[in-house]
Amino acid sequence: KFNEYFMLPAPGIKTLAEKKLVGNRIRMCLAENKTPVLWKNFMPRRHEIANGVDNNLFSMQVYDKGFNINELNLQTQFDKWALREVSDFNSVPESMETFTLPGGLYAVFHYKGDASNAPAVFRYIFGTWIPSSGYLIDDRPHFEILGEKYKRDDPGSEEEIWIPIRKRD
């Protein structure tokens, strides 16, 4: 079982207020994972983003409208974003884009570990936790907040995984 091998506490259920974000995106699928290229281009320029709310970074996945997460496979195309939250869109660096993250209900998982466990973590969230939770996946962006305790490729790294949810009818 998942929790015998990984420390993934039960999620908090939080209502997120709308957020303004600025950053870069790339269209990709899991079979052709372009995440490292996205972040390699974004990280040197992240400080150009004016009016940052804090130093947290957002790694966001935006699936096509109406997409069923249970149909996700290695060929499924989606937009992957590297972002920073801002107070306004008054100053956007050249070649970066704005994104308004809609508010709503989220299951927030605190994950500790490196990225090598990500497939198992998400299999647990979507295959075990969601079906037994009383919630359904909502059609909004999924994201991770990479804060001060995030350290790429470090087993002691920490991040928050935000999964959009809605109550079952």
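Right above here is the structure, for reference.
Note that the structure is a prediction, hence the values are computed from the model and not measured.

Caption draft 1: Structural context of the packing of aromatic side chains. The full count for this structure, using the stated rule, is eleven aromatic pairs. Judged by centre distance (5.2 Å) and plane angle (45°), the rings of Tyr63 and Phe78 are tilted. With Tyr63 in the loop between β3 (52-62) and β4 (78-86) and Phe78 in strand β4, this residue pair connects regions lying 15 residues apart in the sequence. Judged by its relative accessible area of 16%, Tyr63 is buried. Summarising the aromatic geometry, the rings of Phe122 and Phe126 are spaced 6.1 Å apart at their centres and angled 20° between planes, so their arrangement reads as stacked. With Phe122 and Phe126 both in helix α3 (residues 118-129), this residue pair falls four residues apart, about one helical turn. Classification of Phe122 by relative accessible area gives partly exposed; the value is 25%. On the accessibility criterion, Phe126 (16% relative accessible area) is buried. The structure contains a cluster of three or more aromatic residues connected by ring pairs, namely Phe58, Tyr106, Phe143 and Trp162.

Caption draft 2: A look at the pairing of strand β2 (residues 19-28). Burial analysis of β2 places seven of its ten residues in the buried class, which makes it a mostly covered element. Two elements, β2 and strand β5 (residues 97-101), share five bridges in a ladder whose sense is antiparallel. Considered in β5, the bridge of Lys20 is made with Thr100. Strand direction decides the pairing type here: β2 and β4, joined by nine bridges, are antiparallel. For Arg25, the partnering residue across the bridge sits in β4 and is Trp81.

About the thresholds
Residues numbered from 1 in each chain as written. Predicted model: local features only at pLDDT ≥ 70, side-chain atom pairs only at ≥ 80, totals over all residues. Heavy atoms only, no water. Phe/Tyr/Trp six-rings, centres within 6.5 Å; stacked < 30°, edge-to-face > 60°. Helix = DSSP H or I, 4+ residues; strand = E, 2+ residues; numbered from the N terminus. Buried < 20%, exposed > 50% of the residue type's maximum accessible area, 1.4 Å probe, protein only. Pairing = 2+ DSSP bridges.

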